[in-house]
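Now for the letters of each chain:
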Amino acid sequence: MIDILRLVFEFCAVIVFSMLQLIVYPSLMFYSREELIKWYHSGRDRIFIFAIILTPGHLITSVLQLIDRQNMYTIVSVLCIAFMWFQHIVIIEPKHGKIIAGVDSSEEIRKSIAKQNLVRIVIITFLLGWTIYNTIQSTTMWL
């Protein structure tokens, strides 16, 4: 059951990160500095709700899998997820903070956020594929 739950969290994360990459971040390039700050105070909070649900759930299911069985899949998964948390807290969030504070809203910082998100998409897509493979191998719930 934990395998299926993890699959759901990863699939949802791919959807949310891809939505950010393909819809939200490109559209932010067309905002003026004032409009961007205004959007961050309203629109970002709506996206944040998904993150509050997805990221801890994803981490918890991965750690539970690691506790249940220690293999290459669970160890690499937890390390990748820890890296994504580190990347978000140390690299991405300070850039969002600069935009919210009105300190810097340059096109360069917006592109940098999009590039960092692309790294997350690659990692989470890799994990999703690996999770699908492992779930198919370990469960009888497939048709």
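Here we summarise the structure given alongside this text.

In this structure, the largest pocket encloses a volume near 640 Å³. Around the largest pocket, the lining is made up of 28 residues, and of these F17, A51, T55, H88 and R120 lie nearest the centre. Per element, the largest residue contribution to the lining of the largest pocket is twelve residues, and it comes from helix α2 (residues 33-68).

In the structure shown here, the tally under the stated rule is four salt bridges. We note a salt bridge from D3 to R69, for which the minimum N-O separation is 2.6 Å. Residue D3 is found in helix α1 (residues 2-28), and its partner R69 is found in the loop between α2 and α3 (72-101); the two are separated by 66 residues along the sequence. You can call D3 buried: its relative accessible area is 10%. Since its relative accessible area comes to 25%, R69 is described here as partly exposed. Across the pair E10 and R6 runs a salt bridge, and its minimum N-O distance is 2.6 Å. Of the two residues, E10 and R6 are both situated in helix α1; the distance of four residues between them amounts to about one turn of the helix. Like E10, the residue R6 is buried in the burial classification. By sharing partners, the salt bridges in this structure join D3, D68 and R69 into a single network.

Structurally, the position occupied by K95 is in helix α3. Notably, K95 is buried but unbridged: the nearest opposite-charge side chain belongs to E108, and the N-O separation is 7.7 Å. Setting aside its immediate chain neighbours within four residues, K95 contacts I109, S112 and I113.

About the criteria used
- Residues numbered from 1 in each chain as written.
- Predicted model: local features only at pLDDT ≥ 70, side-chain atom pairs only at ≥ 80, totals over all residues.
- Heavy atoms only, no water.
- 1 Å grid on protein atoms, 1.4 Å probe; cavity = no way out; pocket = protein on both sides within 12 Å on 5 of 7 lines; lining within 4 Å.
- Points joined across faces, edges and corners; volume = space filled by probe spheres on them.
- Helix = DSSP H or I, 4+ residues; strand = E, 2+ residues; numbered from the N terminus.
- Salt bridge = Lys/Arg side-chain N within 4 Å of Asp/Glu carboxyl O.
- Buried < 20%, exposed > 50% of the residue type's maximum accessible area, 1.4 Å probe, protein only.
- Lys, Arg positive; Asp, Glu negative; His and termini not counted.
- Contact = heavy atoms within 4.5 Å.

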